[in-house]
Amino acid sequence: MTLLIFFAFPVATIIISIILQKLIKNPVLVAAFIFAVFLIITFAVFDETFLIATLAYTIIAFITALLTCIFGRNDDDESSSCENLSDLLSNSTSDDDDSTNGSCGCGCNRFRRRF
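Predicted model only: the values in this text are computed from it and were never measured.

Mapped onto the elements of the fold, Phe50 is located in helix H3 (residues 50-71). The class for Phe50 is buried, based on a relative accessible area of 4%. If near-sequence neighbours (up to four positions away) are discounted, Phe50 is found in contact with Ile5, Phe9, Phe38, Ile41, Thr42 and Tyr57.

On to the packing of aromatic side chains, then. Note on aromatic pairs: each is described by the distance of the centres and the angle between the planes. Within this structure, the stated rule accounts for 8 aromatic pairs. Members of the aromatic cluster, each reached through a chain of ring pairs, are Phe9, Phe38, Phe46, Phe50 and Tyr57.

With phi around 65°, Lys25 is a residue other than glycine that occupies positive phi space. When you line up the elements, Lys25 lands in the loop between helix H1 (2-24) and helix H2 (27-44). A relative accessible area of 44% places Lys25 in the partly exposed class.

Attention now moves to the side chain of Ser17. Structurally, the position occupied by Ser17 is in helix H1. Among the residues examined, Ser17 registers a relative accessible area of 0% and is labelled buried. Each residue touching Ser17, except ones within four places of it in the same chain, is listed here: Val30, Ile34, Ala61 and Thr64.

Calculation criteria
- Each chain carries its own residue numbering, running from 1 in the direction its sequence is written.
- In view of the model being predicted, local features appear only for residues whose pLDDT reaches at least 70, and side-chain atom pairs are presented and counted only at 80 or more, with totals across whole chains, interfaces and linings using the full set of residues.
- Based on all heavy atoms of the structure, the side-chain values leave hydrogens and waters out of the count.
- Put simply, DSSP marks the helices as runs of H or I at least four residues long and the strands as runs of E at least two long, and each gets a number from the N terminus on.
- Any residue under 20% of the maximum accessible area for its type is buried, any over 50% is exposed, and the rest in between are partly exposed; the area is computed with a 1.4 Å probe on protein chains only.
- Two residues qualify as a contact provided that any one of their heavy atoms is within 4.5 Å of a heavy atom in the partner residue.
- Pairing of aromatic rings covers Phe, Tyr and Trp, the last counted by its six-membered ring, and requires centre-to-centre distances within 6.5 Å; plane angles under 30 degrees mean stacked, over 60 mean edge-to-face, and any other angle means tilted.

Okay, structure coming up:
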């Protein structure tokens, strides 16, 4: 059982996170999906102590998806949610930033209202 928790699940989380990142192209959604799946597994198969491992797998999924996003970026791609997320994480945004074209920065193409 410990081999499953400490080896099989983390390796499967990394592989699935890379695949989902290539499909979804949003590290936050990848981590949320992994969290939802492991949360269901936690209460369906294991007990509440597996919830700590679920949080660890979610962090592993987010870091893996973020690294896949950063290192797997194509230069001829248009602005993606990965770039917006890395901009948000680096805190390099300013009030007069024109790189997001007035969008809210979440990749949903909604515009911010400035009063």
